[in-house]
There are 2 protein chains.
Amino acid sequence: MAADFEPLRDARPGCVLCHEHAGVPLWQDAAWRVIRAEDADFPAFYRVIARHHVGEFSSLLAPERQRCMDLVCAIERVLLEQLRPTKINLAALGNVVPHLHWHVIARFAWDSHFPQAVWGTRQREVAGGASARIGLGLAALDAAVLEALAMA
Amino acid sequence: MAADFEPLRDARPGCVLCHEHAGVPLWQDAAWRVIRAEDADFPAFYRVIARHHVGEFSSLLAPERQRCMDLVCAIERVLLEQLRPTKINLAALGNVVPHLHWHVIARFAWDSHFPQAVWGTRQREVAGGASARIGLGLAALDAAVLEALAMA
């Protein structure tokens with residue numbers, strides 16, 4: 001997907017999130033874009049990514065932070081309504097790629113790492129794969145996320 | 001510290017965050033409390049915890065979410081200013097304790113797990129211990145956090 005990504009003029013050299021979709025692109029506005037991470041263990045895993053290079057959440061102005069978390073919450077609500085997961089996990093880490101991005105992940109008691117974080121130790125294998133277990137196809141889930149973002 | 005914790009009337013039976021400080025208590029208002037997690041690997045690790053039992057961030061009303069993230073950002077800014085960490089990590093997971101709490105963690109390139117998440121695999125031992133490396137005593141750091149929260 002990287003081929004049709006349009007870096008902004010202030011893209012940071014060497015920053016992967018300034019230069020690539022890094023997932024399935026779903027939506028963007030002037031400040032934010034949303035992709036679905038393609039993670040076989042966690043199929044319902046979306047990211048809200050700052051379009052401009054910014055490292056820390058607190059570098060944003062208050063209305064920018066609110067907008068960001070409105071988008072995060074819009075995705076969270078879709079995942080809760082559509083999938084009835086055990087828990088939603090939200091995180092902005094950026095240790096590997098210090099360009100602000102929020103992980104929004106539906107977690108299930110049966111998933112490969114639960115109750116560990118997705119960055120923790122695998123707890124089990126999921127027979128048949130996780131995407132077959134979440135109860136909804138990813139195209140339908142993406143469509144529901146897209147609809148929610150359009151109204152956010 | 002649990003002895004002097006006052007559970008709210010709507011405390012959820014069996015929920016540790018409804019019934020214990022679960023760390024060094026620093027500050028609270030009617031809706032939120034802040035503690036310092038006592039983690040030897042990550043000394044600059046604070047938590048913003050909902051006083052009432054709520055599971056997911058998106059269950060909050062918009063002004064409650066904004067207040068919550070204002071507190072998170074106030075702590076983040078203190079950590080950035082006082083410690084010049086490599087990165088701040090923010091997360092609301094709750095897989096183990098599904099009562100809304102935000103982790104705010106200063107990360108350093110030298111720390112035990114960097115660049116892995118704090119829930120990931122240990123990368124190294126830190127000679128002398130992490131608290132001796134962050135460049136500020138925890139009492140002074142707590143005081144700076146407290147001052148910032150009082151103005152948030």
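Visitor: Provide a residue-level description of the overall build of chain A, including the pertinent values.
Guide: In terms of helices and strands, chain A carries three helices and five strands. Across chain A, helices and strands are ordered from the amino to the carboxyl terminus as α-β-β-β-α-β-β-α. Radius of gyration (C-alpha) of chain A: 15 Å, near the 15 Å computed for a compact globule of 152 residues. Looking at chain A residue by residue over its 152 residues, the buried ones come to 52%. Carbon and sulfur atoms make up 52% of the accessible area of chain A, which totals about 6800 Å².

Visitor: Let's hear about the interface of chain B and chain A: which residues, and what values?
Guide: Each side of the interface is counted separately: chain B has 32 residues, and chain A has 32 residues. Summed over both partners, the interface of chain B with chain A buries about 2800 Å², with 51% contributed by carbon and sulfur atoms. Together, B:Glu56, B:Lys87 and B:Asn95 form the three largest contributors to the area buried by chain B at its contact with chain A, with a combined 23%. Counting across the chain B and chain A interface gives four salt bridges.

Visitor: Describe helix H3 (residues 138-151) of chain A, with residues and values.
Guide: Residues and elements named next belong to chain A. Over its 14 residues, H3 runs 20 Å from end to end, which matches the ideal 20 Å to within 8%, given 1.5 Å per residue. Of the positions making up H3, those classed as buried are Leu-141, Asp-142, Ala-144, Val-145, Ala-148 and Leu-149. The arc that holds the buried residues of H3, viewed along the axis, is 160°, so those residues lie on one side. Set apart from the buried face of H3 by more than 90 degrees, the exposed residues are Ala-139, Glu-147, Ala-150 and Met-151. The inward-facing, buried residues of H3 contact strand E1 (24-28), strand E2 (32-36), strand E3 (45-50) and helix H2 (62-83).

Visitor: Tell me what's going on with the pattern of salt bridges, and back it up with residues and numbers.
Guide: Close approach of charged atoms allows side chains with opposite charge to pair. Considering all chains together, one arrives at 14 salt bridges over all chains under this definition. Put simply, B:Asp70 and A:Arg65 hold a salt bridge, and the shortest N to O gap is 2.7 Å. Remark: A:Arg65 occurs in helix H2 and B:Asp70 occurs in helix H2 (residues 62-83); the pair is interchain, linking two chains. On the basis of relative accessible area, A:Arg65 is assigned to the buried category, the value being 8%.

Visitor: Describe the relation of the copies chain B and chain A, with residues and values.
Guide: Between the two copies, chain B and chain A, the superposition gives an RMSD of 0.0 Å; the rotation angle is 180° and the shift along the axis is 0.0 Å. The superposition operator between the copies reduces to a two-fold rotation axis. Most of the interface of chain B is mirrored in chain A, where 100% of its interface residues again form contacts.

Visitor: Let's hear about unusual backbone geometry: which residues, and what values?
Guide: Excluding glycine, most residues fall at negative phi; most peptide bonds, likewise, are trans. A cis amide bond links A:Phe114 with the next residue in sequence, A:Pro115, at an omega value of 0°. With respect to the helices and strands, A:Pro115 occurs in the loop between strand E5 (101-107) and H3. Of note in the backbone geometry, B:Ala22 takes a positive phi value of approximately 55° without being a glycine. In this fold, B:Ala22 is placed in the loop between helix H1 (16-19) and strand E1 (24-28).

Visitor: Can you tell me about the side chain of B:Lys87, naming the residues and giving the values?
Guide: Within the fold, B:Lys87 resides in strand E4 (residues 87-92). Among the polar contacts made by the side chain of B:Lys87, one reaches the main-chain carbonyl oxygen of A:Gly55 at a distance of 3.4 Å. With residues near it in sequence (within four places) discarded, B:Lys87 still touches A:Gly55, A:Glu56, A:Leu93, A:Gly94, A:Asn95, A:Pro98, B:Ile105, B:Ala106, B:Arg107 and B:Phe114.

Reading the values: the criteria
Residues numbered from 1 in each chain as written. Chains lettered and ligands numbered in written order. Predicted model: local features only at pLDDT ≥ 70, side-chain atom pairs only at ≥ 80, totals over all residues. Heavy atoms only, no water. Helix = DSSP H or I, 4+ residues; strand = E, 2+ residues; numbered from the N terminus. Rg over C-alpha atoms; globule rule 2.2 N^0.38 Å. Buried < 20%, exposed > 50% of the residue type's maximum accessible area, 1.4 Å probe, protein only. Areas by Shrake-Rupley, 256 points an atom, 1.4 Å probe, with all protein chains shown as cover. Contact = heavy atoms within 4.5 Å. Buried area = accessible area lost by both parts, 1.4 Å probe. Salt bridge = Lys/Arg side-chain N within 4 Å of Asp/Glu carboxyl O. Expected span 1.5 Å × (residues − 1). Arc of directions from axis to C-beta. Least-squares fit on C-alpha atoms with pLDDT ≥ 70 in both. Polar contact = N/O pair within 3.5 Å; in protein donor to acceptor, adjacent residues only side chain to side chain.

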